[in-house]
Amino acid sequence: MIALRNGGSARRSICMAAIGLSIVSTAAWAESSRVTVIRADRLYLGNGKIVSPGVLVIRDGRIAEIGVDTKTPDGATIIEIADTTVTPGLIDANAAVEASDLLAPDRRMHPRTWHDFFTPGHHHTATPDCCGSTCPRSMQHVSGTRCMACGFPEANTENAFAVGTKPRVSLAEQSSEVIPDTLVLDTTNLRSPDFDRLLRGGVTTVFVSSDSAAVIGARGAIVRTGGPVDRRVVRAADAVKATMGTDPSWRGGGNRPPVRRFVSFRNRRPTTRMGVTWVFRKAFHDTLRHRDGVETYGADPVSDSAIAVLDKLLRGRIPLRIQARTQHDITTALRLTAEFGLSFTLEEATEAYRCIDLLEAAEVPVVFGPIYVRARGDRRFSSEVEQSRLHTFKTLLESDLMTALTANELREEDGLARQAMYAMRFGLTRAQVLPAVTSVPAKIIGVADSIGTLEWGKRADVVIWQGEPFDTTSRALVVLIEGEIVLDRRAG
Amino acid sequence: MFGRTRFGGNGNDISGLWSSERSVERLIPKRLIPTENSVDCSTSITPRRTGRRWLVRSTAAGAIGCHRYGVAKRRAVLATVLLTCGVTVSSAVGAPPAKVALTGGRIIPVVGDEIATGTVLIEYGKITAVGTNVEIPYDAMEVDVSGKVVFPGMIDPHSARALDVPNENLPVTPFLDVYDAIDPSRLYLEDALRDGITAIHVIVANNCVIGGLSRVVHPIGLTPDEMTIAAPTALKISVTPKRGFDRMTQIAKLRETFLELDDYLDKLAEEKYEESLEEKDEKIDVGPEEAIKRGHELIEPTDYDDQHRNLVKLTRGDMSSFIYCRSAGDVGHAVRIAKDNGFFDRSVFVLGHASYKAVGEVKASGRPVVLDAQLVHRERDPLTGKLSETFVPKVFADAGVMFALQPNPNASLAERYLNYQASRCVRNGVSRQTALESITINPAKMLDLGDRLGSIEVGKVANVLVLTGDPLDFNTWVDEVYINGIRAYRRDDDVRLKQLLGDEPPEVAEEGDEAKGSEQEDVERPGKNDKAESPGKSHSPGDAADDKSDEKPAENAPGGDEEGGSVAP
Amino acid sequence: MMRGHIEKLKRPKIETSTYRNDCAYGLRLFDFSIFRRLVVVALLIGVGIGEVAAADTTVLVADRYVAPDGTIKSDILIVVANGRISRIVPEEPEGVDAKPGVVDHYPGAVVCPGLIDVRSAVGAYGSNQEEAFAIDPGASAIELVDRNHPVFRAAAVAGITSVLLMPGDGNLISGAAAVVKTVVVDGKGARRDSRTSSSRTSRSRSSGRRGVPGVVRDDGPLVFSLGQSPLRFDRAPTSRGGAVAMLRESLRKAKDGVGHQRLVDFVGGRLDGLVVCDEAMDVDAAVNLFGGMNLSLTLVFTGAASDVSAGLSDVFRATATGPYDYTMSPNALSHAAALAKSGNLVALVARAPGGAPDGLRVTAALAARYGLDASLARSAMTFSAARAVGVADRIGSIEQGKDADFVIFSDDPLRLDARVLAVYVDGVRVYSRELEETP
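What you see is a predicted model; the values in this text were computed from it and never measured.

Calculation notes
Along every chain, residues carry numbers that run from 1 in the direction the sequence is written. The lettering of chains begins at A and the numbering of ligands begins at 1, in the order of writing. Owing to the predicted nature of the model, reporting of local features is limited to residues with pLDDT of at least 70; listing and counting of side-chain atom pairs is limited to 80 or more, with chain, interface and lining totals taken over all residues. Side-chain measures here rest on the full set of heavy atoms in the structure, leaving out hydrogens and waters. Secondary structure elements follow DSSP: runs of H or I of four or more residues count as helices, runs of E of two or more count as strands, with numbering from the N terminus. Residue exposure (1.4 Å probe, protein chains only): buried if accessible area is under 20% of the type maximum, exposed if over 50%, otherwise partly exposed. Whether two residues are in contact is decided by their heavy atoms: any pair within 4.5 Å suffices. The method behind every accessible area is Shrake-Rupley, applied with a 1.4 Å probe, and residues are considered shielded solely by the protein chains displayed. The angle between two axes is taken between their N-to-C directions and runs from 0 to 180 degrees, where each axis is a line fitted to C-alpha atoms and a helix contributes only its stretch in contact. For classification, angles of less than 35 degrees are called roughly parallel, those exceeding 145 degrees roughly antiparallel, those between 65 and 115 degrees roughly perpendicular, and all remaining angles oblique. Nonpolar residues are Ala, Val, Leu, Ile, Met, Phe, Trp, Tyr, Cys and Pro. Charged residues are Asp, Glu, Lys and Arg, and all others, Gly as well, are polar. Identification of polar contacts relies on pairs of N or O atoms within 3.5 Å, with a donor-acceptor requirement for protein atoms, meaning one able to donate a hydrogen and the other able to accept it, and with residues adjacent in sequence counted only if both atoms are side-chain atoms. Definition of nonpolar core: a set of buried residues of the types Ala, Val, Leu, Ile, Met, Phe, Trp, Tyr and Cys, connected through side-chain atoms within 4.5 Å. Pairing between strands is defined by DSSP: at least two bridges between the two strands are required. We call a crossing left-handed when the near helix sits turned anticlockwise from the far one by less than a right angle, and right-handed when that turn is clockwise. The pairing test for Phe, Tyr and Trp rings, Trp by its six-membered ring, is centres within 6.5 Å, and the orientation test on the planes gives stacked under 30 degrees, edge-to-face over 60, and tilted for anything in between. Only lysine NZ and arginine CZ atoms are considered, and such an atom sits over a ring when it is within 6 Å of the ring centre and within 35 degrees of the ring normal. We define a salt bridge as a side-chain nitrogen of Lys or Arg found within 4 Å of a carboxyl oxygen belonging to Asp or Glu. By this rule, a helix spans an expected 1.5 Å times one less than how many residues it contains. pLDDT runs from 0 to 100 and stands for how confident the predictor is about each residue. Positive: Lys, Arg. Negative: Asp, Glu. His and the chain ends are not part of the count.

**Q** I'd love a proper account of the overall build of chain A, names of residues and values included.
**A** Counting its secondary structure elements, chain A contains 13 helices and 20 strands. Sorting the 492 residues of chain A into buried and exposed places 64% on the buried side. Put simply, 68% of the contacts in chain A that link residues at least 6 apart link residues at least 24 apart.

**Q** Report on the overall build of chain C, specifying residues and quantitative values.
**A** Tallying secondary structure elements over chain C gives 14 helices and 17 strands in all. Per-residue burial over chain C gives 60% buried out of 439 residues. Nonlocal contacts in chain C, meaning residues at least 24 apart in sequence, comprise 69% of its contacts between residues at least 6 apart. Looking at chain C as shown, the accessible area adds up to about 16200 Å², and 52% of this sits on carbon and sulfur atoms.

**Q** Go over the packing of helix α7 (residues 247–279) of chain B against helix α9 (residues 306–315) of chain B, please, and point to the residues and values.
**A** Residue and element names in this part refer to chain B. Interaxial distance between α7 and α9 falls to 11 Å at its minimum, and their mutual angle equals 100 degrees. Comparing the axis directions of α7 and α9 gives the class roughly perpendicular. Of the residues in α9, those in contact with Thr257, Phe258, Glu260, Leu261, Tyr264 and Leu265 of α7 are His308, Leu311, Val312, Leu314 and Thr315. A class-by-class count of the residues in the contact of α7 with α9 yields seven nonpolar, three polar and one charged.

**Q** I'd like to hear about the side chain of Asp238(A), residue by residue, with values.
**A** Residue and element names in this part refer to chain A. Within the secondary structure, Asp238 is located in the loop between β12 (233–235) and β13 (240–243). Overall, the relative accessible area of 7% leaves Asp238 in the buried class. Separated by 3.0 Å, the side chains of Asp238 and Arg235 make a polar contact. Every residue in contact with Asp238, bar those within four places of it in the chain, is listed here: Phe207, Arg219, Gly220, Ile222, Ile318, Pro319 and Ile445.

**Q** Summarise the nonpolar core; cite the residues concerned and give the values.
**A** A general trend in soluble globular proteins is that nonpolar side chains are found buried together. If you look at the biggest cluster of nonpolar residues, it comprises 178 residues, and the most contacted ones within it are Ile216(A), Phe280(A), Ile371(A), Phe470(A) and Phe396(B). By residue number, the principal contributor to this core is α7(B), which donates eight residues. Excluding residues within four positions of it along the chain, Phe396(B) makes contact with Leu351(B), Ser355(B), Tyr356(B), Val359(B), Val362(B), Val369(B), Leu371(B), Val401(B) and Phe403(B). Grouped together as the second largest cluster of nonpolar side chains are 82 residues, Ala156(C), Leu312(C), Met328(C) and Leu360(C) included.

**Q** Describe in detail the sheet that holds strand β11 (residues 221–224) of chain A, supporting the description with residues and values.
**A** Residues and elements named next belong to chain A. What the four strands build is an open sheet, ordered β8-β9-β11-β12; its pairing is mixed. For this open sheet the edge positions go to β8 (90–95) and β12, each flanked by a neighbour on one side alone. Pairs of neighbouring strands in the sheet enclose a mean axial angle of 25 degrees, with direction left out of account. Relative to β11, strand β9 (residues 203–208) runs antiparallel, the two being bridged by four bridges.

**Q** Tell me about the sheet that holds strand β13 (residues 316–321) of chain C, residues and numbers included.
**A** All names here are of chain C. Here we have six strands laid out as an open sheet, ordered β7-β10-β11-β12-β13-β14, and mixed in their pairing. Here the strands that pair on one side only, and so sit at the sheet edges, are β7 (173–176) and β14 (346–348). Each neighbouring strand pair of the sheet contributes to a mean axis angle of 25 degrees, computed without reference to strand direction. Pairing geometry for strand β12 (residues 297–301) and β13, over five bridges, is parallel. Across the sheet, residue Val300 finds its bridge partner in β13, namely Ala320.

**Q** Give me the packing of helix α6 (residues 240–255) of chain C against helix α8 (residues 280–292) of chain C: which residues, what numbers.
**A** All names here are of chain C. Relative to each other, α6 and α8 sit at 25 degrees, their axes nearing to 11 Å. What the angle tells us is that α6 and α8 run roughly parallel. Two packed elements cross with a definite hand, and for α6 against α8 that hand is right-handed. Contacts from Arg240, Val244, Leu247, Arg248 and Leu251 in α6 reach Met281, Asp282, Ala285, Leu289 and Phe290 in α8.

**Q** Got a sec to walk through the packing of aromatic side chains? Specific residues and values, please.
**A** One pass over the full model with this rule turns up 15 aromatic pairs over all chains. Pairing Phe280(A) with Phe284(A) gives two aromatic rings, centres 5.0 Å apart and planes at 50 degrees, and the pair type is tilted. Here Phe284(A) and Phe280(A) lie together in helix α6 (residues 273–291), a separation of four residues that amounts to about one turn. As far as the burial class goes, Phe280(A) and Phe284(A) line up, both buried. Relative to Phe393(A), the ring of Phe368(A) lies with its centre 6.0 Å away and its plane at 25 degrees, an arrangement referred to as stacked. Note that Phe368(A) is positioned in strand β16 (residues 366–368) and Phe393(A) in helix α10 (residues 392–398), a separation of 25 residues in sequence. Lying across the ring of Phe152(C), Arg147(C) places its NZ or CZ 4.9 Å from the centre.

**Q** Can you tell me about the pairing of strand β9 (residues 210–213) of chain B, naming the residues and giving the values?
**A** Side-chain direction in a regular strand flips from residue to residue, so the side chains alternate between the two faces of the sheet. Bridge count between strand β7 (residues 172–177) of chain B and β9(B): three bridges; the pairing is parallel. Its bridge partner lying in β9(B), Leu176(B) is registered against Gly212(B).

**Q** Describe the pattern of salt bridges, with residues and values.
**A** Taken as a whole and judged by the stated rule, the model has 72 salt bridges over all chains. Put simply, Asp461(A) and Arg459(A) hold a salt bridge, and the shortest N to O gap is 2.7 Å. Pair check on accessibility: Asp461(A) and Arg459(A) agree, each one buried. Asp493(B) serves as the salt-bridge partner of Arg490(B), at 2.8 Å between the closest nitrogen and oxygen.

**Q** Can you lay out α6(C) for me, pointing to particular residues and giving the numbers?
**A** Given a rise of 1.5 Å per residue, 16 residues ought to cover 22 Å, and the 22 Å separating the end C-alpha atoms of α6(C) matches this to within 8%. Residues of α6(C) that are buried include every one of Arg240(C), Gly241(C), Gly242(C), Ala243(C), Val244(C), Ala245(C), Leu247(C), Ser250(C), Leu251(C) and Ala254(C), and no others. Here the buried face of α6(C) lies against α3 (184–187) of chain A together with β7, β10 (222–226), α7 (261–267) and α8 of chain C. Remark: Gly257(C) follows α6(C) within two positions and exhibits a positive phi of approximately 85 degrees.

**Q** Provide a residue-level description of the confidence of the model for chain C, including the pertinent values.
**A** Residue and element names in this part refer to chain C. For chain C, mean pLDDT is 77; residues scoring 70 or higher make up 74% of the total. At the low end of the mean pLDDT range in chain C sits helix α5 (residues 190–196), at 32; at the high end sits helix α12 (residues 374–381), at 95. Scored below 50 in pLDDT, residues 1–55 makes 80 contacts in the model with residues more than four places away or belonging to other chains. Taken together, the stretch residues 188–210 has pLDDT below 50 and engages in 51 contacts with residues farther than four places along the chain or on a different chain.

**Q** Which residues make up unusual backbone geometry, and what values do they have?
**A** Between Gly369(A) and the following residue, Pro370(A), the backbone shows a cis peptide bond with an omega angle of -5 degrees. Omega for the bond connecting Gly322(C) with Pro323(C) falls within 30 degrees of zero, at -10 degrees, which places this linkage in the cis form. By the secondary structure assignment, Pro323(C) is in the loop between β13 and α9 (330–333). Of note in the backbone geometry, Phe470(A) takes a positive phi value of approximately 65 degrees without being a glycine. Considering the arrangement of structural elements, one finds Phe470(A) in the loop between β18 (462–466) and β19 (476–481). Phi angles above zero are rare outside glycine, and Asn484(B) is one such case at about 50 degrees.

**Q** Talk me through the side chain of Arg219(A); I want residue IDs and the actual numbers.
**A** Residues and elements named next belong to chain A. Examined against the element boundaries, Arg219 turns out to sit in strand β10 (residues 216–219). For the buried Arg219, no salt bridge is present, and the opposite-charge side chain at shortest range is Asp238, 6.3 Å distant. There is a polar contact of 3.3 Å between the side chain of Arg219 and the backbone oxygen of Ala237. Here Arg219 is in contact with Pro180, Thr182, Leu183, Val184, Ala237, Asp238, Ala239, Val240, Val309 and Ile318, once residues within four sequence places are set aside.

**Q** Describe the environment of Asn169(B), naming the residues involved and giving the relevant values.
**A** All names here are of chain B. Topologically, Asn169 is positioned in the loop between β6 (154–159) and β7. You can call Asn169 exposed: its relative accessible area is 68%. Note: C-alpha distance between Asn169 and Arg243 (74 residues apart in sequence) is 9.5 Å.

**Q** Quick rundown of the confidence of the model for chain A? Include the residues and the values.
**A** Residue and element names in this part refer to chain A. On average, residues of chain A carry a pLDDT of 79, and 76% of them reach 70 or more. Every residue in residues 1–30 scores below 50 in pLDDT, and together they form 55 contacts with partners more than four places removed in sequence or on other chains. Taken together, the stretch residues 100–139 has pLDDT below 50 and engages in 101 contacts with residues farther than four places along the chain or on a different chain.

Right, dumping it as structure tokens:
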């Protein structure tokens, strides 16, 4: 394997095997197929190899050839930009996608949850010139008059610009703590501009994970970030996400003990970590008893449809992901899964640096991120993030664990690429970081056979970066999904 | 080679004393006072080496506030220590600093051409030579910075984060001075130093009509006095409505303030004239208009009251102003009000990101601008529904307007670095030179300090950074910071940073046994000391030091009991 | 040619004339003023003239009319008997053999089928939002109707003769909507009898209480809601994901015959449905949910966005959009056109009388202005709307056998300066501009 490097003759190396294969196989392709040829100074294949300078031939949405000086077929679309690098499309294995267009009129004009109601900054923060509002009557907005269409001035247009923070309304169903029968896809707005932002950051495929408000949450979805809306869903119902720690207690409205409160389903577990563990354990116990024909019983019964999913989970037919941040929660997750013989992927893993040995022993894949020192968004209110370290990702990557990097809800200008940039600042090389945002997440979410690296026959999800990827001054110029250009910033 | 013996002995190389204890960290940079003979000011009061650190800690407690850290029974000791220290400090201020030569580095002077390999000579706090062939005096400390980049200290052109509260509730408060609110213990200052910001323009925030006097400080020093580079710098004015005001009220309030100033001056003049007549035992012999006219000449600078003193300076052009305009429509008002009242020529516009639409007016006014920390303006077209994103600095760069960038403390990790903000500009098509100027010389010029700060030129104050690489590369770290020619920060000694980066265990190796025991005890009791010790949330270099995260751990801090125990010999 | 025939029918100097049945053609010198006074009195007491007229036959004559396809055609003579259209004579009047009791002639005017608003909150008793359970198919909107509510009259005067009354959209399944007329023409015997004894045969869909005046349909369609509106803080569902899961579960159970009969009927194709979506992503969810189960229903999408149109016709038999007004973005206003272009049956919604009384016509005019074919725009207020809510066999077009609900406009109803000259419900003129303005 040849390490990625910025300069030197090593990068002129060639991925021989792939090319050899491709030359033989491409003869079989029909002449009428759609061909795109990308010429770049560097091809980072995502598996540790580089071709420099390189040519990438895409035929019918698949990678057909990778070479140094491949002949250009007739009628091919040629993309050739000076000083560019080609990488596989980045994969975010734990993306939180905004449920709806935050620039749209605020759907929280009628607060429907207490969480909405008490969220700071919700009331009267709009400015009289609420430019940027998509309210159909925005031109009629007058200070002091309530807009009938969008609720102005209550609608929080100021916050609408806070791109990259998690929506403050919980996306997880809150009528129960065990909701593996719901789908994240149903709460995901495939038309959300957040997908465009992901695309601008070079991310072509995301695993959208469930909100952390439920102990056993919804099933995530694997979604492409570009292309026609009806073709974006790769897998509608994928891994179930469970959450350890304090999030299930307070996110999405907040559970509370039934003292002097009106009767509500929120008077329920969990309000502590004990409660979380209890709910988790009971759900799987109920499932096991259900197999013996014993109906679910006791407090917080698990619905039949949930049990059907949990049963598959126990049989290993559905993957499990667990969000745990603190060392304590990570060990709890390890303990609970060991009880039921489950294997899982760890999400967040803020304090993983403290229990690398345990994780290594359990061979848990980790989707780490985002890298932060002071958390933003909803994490800010969590007590679980105080011990975050900038070196955690480096520690994970240098361990035996399969580690992917995610930007989660952070978009900013370049999202996941910026996370990779952080990783490099905090002690890693580009060659180390690139797989953590391409091939490794592909393996973790189970799509490595079709994407994640630039190899013959794989889907042509490709990013063309200006200069080197993850440089401060570079950005994704062109993004292709299945060989089709979905983002083109060549014009500027 | 940059050894303790050369540079201040065991005490003066302050960055060697980083620790996880917040009070110490805050204190140490402030103890860095330029001294002629490189003798640490506190060595004279250090009775024992092992006890020294605790002495320092207690001093910090005293400086920051006894209600937080101090313990009553230690007050007397602290007071003595403070007094001694203070005396030494004041005697040290103004004393010529040492000579330092930074050799072998790539010099990016911002003003002037880059020097691939050169030397920067610092003598007595000033840069005295820059170039390839610099003769290094025999008594200068030579620091080899080969492979590194020497860059002028960056300047934060507009920040309220060194204040405990960013704004007064009253709308018109020209009598306020940030001097009274600067909190030298704020974590922000430490972060600023670590991020390479050597000058901060501390100014009240935007929620005002007329704010108060600002000042330029460097991020080290025990008191605002020690920190101050220049003061008063400017008066803060906001054209954008203060919270609770609408635009009409805001503008009316501004207009009213200046009209009232005229009335006040007339009245004062009349009184002065009458007084002068009374002194002479004469009776008023002229009409009121003439009396006012004559009275104006009699007014002494000391006659103005607090409410009006600074406004008079402003309107007479003796003081510059920073005028906040959040939206494009505010710019026109700002220009008009400034011109009407005579302070236009020394005004700087502080713009919100939406104000880029008024770039034409800004350009026509010829005044420099401080841009919003949020560099991208997002807007949805109400008709087509299309979302557009405008990179604001590019607009101003294209128009040729002089601008300065602010760090964005509310954004995630990267944007709080000024040099990262500049590199974003380059990514979005602004020239490299313009981007570099916008974080160094441009803010210096806006603060009327262009002749002292903002570049590496002979004669300028030696606020110099040693970077590991190009300032616009995100993988670059600030290795060393020199303020007034004295090294104020060294990354190798930044223990907290090392903790975050995993280079060093959380416990700090202590020289003294007593101290060591105490430290470990703290670490082992997370319940008690967790927050105060935690570098994660509240002590990080990424911390924006907002009020909450800054204040909360302090309340939990255990106070000086155990610490004080170490002070006793 | 027709003009000549009409000349024979009408009184020479009174353009809008009314005849009693027992007035032979020859007795044209009958003093009409008495009758007109009667009409005025009848209108003033708010009963409608049906009672007074109690006529068997009315003849309506106009220069132009809105055909079922939405186009405006010229010259029509409509014979109304027993509240329904018994005969239409578009071309040759010679064949008119019935002896008309009343002949109304509107020269230059356009006869339009009574307008239908397919998402209305007209005249409900109190709240229309049952909140206890999110799956509530048993509720019936017909129970909400407050016949004395003044807004019915307001809607009628604006030309809206029928509305779809919906239970509130705060539940996943809110119950059965109802199509009611905005004016009840209670014939006190004659008309009701005639209605029940009518020769109408094929009434597959509009199977409501046929005997109850003013009710076109009381058994549906079954109303579903997706999106933010059915979500509540303290009852399931609280999230979109939970909502879809709940709906999917109850539909699945209904397929097995478990659940409320209406839901079982809906899944079995015996009852039509209607789903209300406020955002584009909810339409996607509805497509996935209902399309995945091969269920067809009507979509009411108020969050107009022109990119939400393709592929909807596979799942939704009709799509209703609106209300529009002048302050909305072109992107939103061109939604109806985009829907029509991608093959959807487009109906329009005014949520009458939430906005201006003419909200439905404003919506249609704006839709036409932003690209919707004019005939489709007219149809979207009438025939398409009736098809969308399953009452096209009774109302929505001027065809033989249908209810005689007309609006007489002074011009094309898409022209906003066109005035409502008269409104007929069940063959009875319930509003006349001329009479109301000169009381």
